[in-house]
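Observations on the model geometry
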Amino acid sequence: MHWKEPMPSGPRDTDRDWARVAEDDPYWGVLSQDEYRNAAMDPERFAQFMATGERFVADVFGLVGKTLDKDFAPRRVLDVGCGVGRLLIPMARLVKEAVGVDVAPRMLELARKHVQAAGLDNVTLVAGDDELSAAEGEFDFVNSFIVLQHVPPQRGYRLIQSMIDKARKGGVVSVQVTYAKARSFLQHEAPTALYYRRDGGQIHDILDSGWRPPEGTINMFDYDLNQVMAQVSTAAGHPVIALPTNDDSHLGVHFVFCKAR
């Protein structure tokens with residue numbers, strides 16, 4: 001059994017968590033709704049699951065064409081945190097070459113199965129690291145959606161920079177992060193420390209209890225939007241699209257921009 005757990009940005013091997021989720025409940029790990037639990041999945045639910053990816057890709061590609069580049073027609077795309085291929089497959093249908101990256105071997109195995117079932121021969125699947133070193137060359141479109149929220153920010157900032165570096169000049173980057181959560185989630189963090197103190201509006205833990213969520217927990221991390229926006233603005237032209245997201249009371253932003261430098 002897995003659950004979502006808000007966590008501070010402390011050391012955590014989230015790659016191991018993700019590998020465990022991929023083995024036990026891969027589709028729910030991508031979209032955490034009960035109808036996508038392993039026990040509930042059937043051909044109809046799978047088609048419904050994949051249709052959400054079709055809509056996302058159509059919406060984002062359409063938005064880019066209307067606001068950033070009227071001639072947008074990417075040939076090479078990179079999907080970071082591709083999971084089972086929910087977004088990768090519909091992107092692959094529109095481009096010459098698609099590359100999917102994931103840290104979980106089981107996710108890549110399932111993505112390969114779904115790619116083959118879709119009759120696609122233009123998809124490459126590679127194991128991920130923070131430098132995206134296995135994704136060779138430059139890309140016209142680089143995407144990561146509802147992925148970095150499960151990665152500790154200090155690693156996530158490196159991944160964002162790697163995504164920007166992988167985009168060609170004039171290419172488009174699509175990246176989403178979470179930055180805040182509802183106060184009701186504070187109760188889930190209570191066991192991590194024996195005491196706490198308030199410093200104005202800030203809460204500081206005192207005496208780490210040693211308790212951590214079990215392996216396989218899907219952790220939710222908060223990013224500093226100042227840091228992310230600095231990375232975006234250093235690379236982007238104008239305009240920068242910023243779309244608000246809300247995943248079960250975890251607030252986020254989906255940035256979409258052209259790489260100008």
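Read on for an overview of the structure. Since this is a predicted model, take the numbers as computed values, not measurements.

The subject of this paragraph is the environment of Ala-39. Tracing the backbone through its elements, the reader meets Ala-39 in the loop between helix 2 (26-30) and helix 3 (43-67). In this structure the C-alpha to C-alpha distance between Ala-39 and Asp-79, which are 40 residues apart in sequence, comes to 27 Å.

The terminal C-alpha atoms of helix 5 (residues 105-117), which comprises 13 residues, lie 19 Å apart, in line with the 18 Å expected from a rise of 1.5 Å per residue. All of the buried residues in helix 5 are Met-107, Leu-108, Leu-110, Ala-111, His-114 and Val-115. Down the axis of helix 5, the buried set is contained in an arc of 165 degrees. They therefore lie on one face. Exposed and oriented more than 90 degrees from the buried face of helix 5 are Pro-105, Lys-113, Gln-116 and Ala-117. Tucked into the core, helix 5 has its buried residues touching helix 1 (14-24), helix 2, helix 3, helix 4 (88-92), strand 3 (97-102) and strand 4 (123-127). Backbone geometry just downstream of helix 5 places Gly-119 in the positive-phi region, at approximately 75 degrees.

What follows concerns the packing of aromatic side chains. Counted according to the given criterion, the structure contains eight aromatic pairs. With a centroid separation of 4.5 Å and 40 degrees between ring planes, the pair formed by Phe-56 and Phe-145 is classed as tilted. Within this pair, whereas Phe-56 is found in helix 3, its partner Phe-145 is found in the loop between strand 5 (139-144) and helix 6 (153-166), the two being separated by 89 residues in sequence. Neither residue differs from the other here; Phe-56 and Phe-145 are each classed as buried. Geometrically, the ring pair formed by Phe-61 and Phe-141 is edge-to-face, given 5.1 Å between the ring centres and 75 degrees between the ring planes. Within this pair, whereas Phe-61 is found in helix 3, its partner Phe-141 is found in strand 5, the two being separated by 80 residues in sequence. When the ring centre of Trp-28 is taken as origin, the NZ or CZ atom of Arg-37, which lies over that ring, is 3.8 Å away. When the ring centre of Phe-139 is taken as origin, the NZ or CZ atom of Arg-76, which lies over that ring, is 4.2 Å away.

Conventions and cut-offs
- Residues numbered from 1 in each chain as written.
- Predicted model: local features only at pLDDT ≥ 70, side-chain atom pairs only at ≥ 80, totals over all residues.
- Heavy atoms only, no water.
- Helix = DSSP H or I, 4+ residues; strand = E, 2+ residues; numbered from the N terminus.
- Expected span 1.5 Å × (residues − 1).
- Buried < 20%, exposed > 50% of the residue type's maximum accessible area, 1.4 Å probe, protein only.
- Arc of directions from axis to C-beta.
- Contact = heavy atoms within 4.5 Å.
- Phe/Tyr/Trp six-rings, centres within 6.5 Å; stacked < 30°, edge-to-face > 60°.
- Lys NZ or Arg CZ within 6 Å of the ring centre and 35° of its normal.

Distances and angles like these do not, on their own, reveal function.
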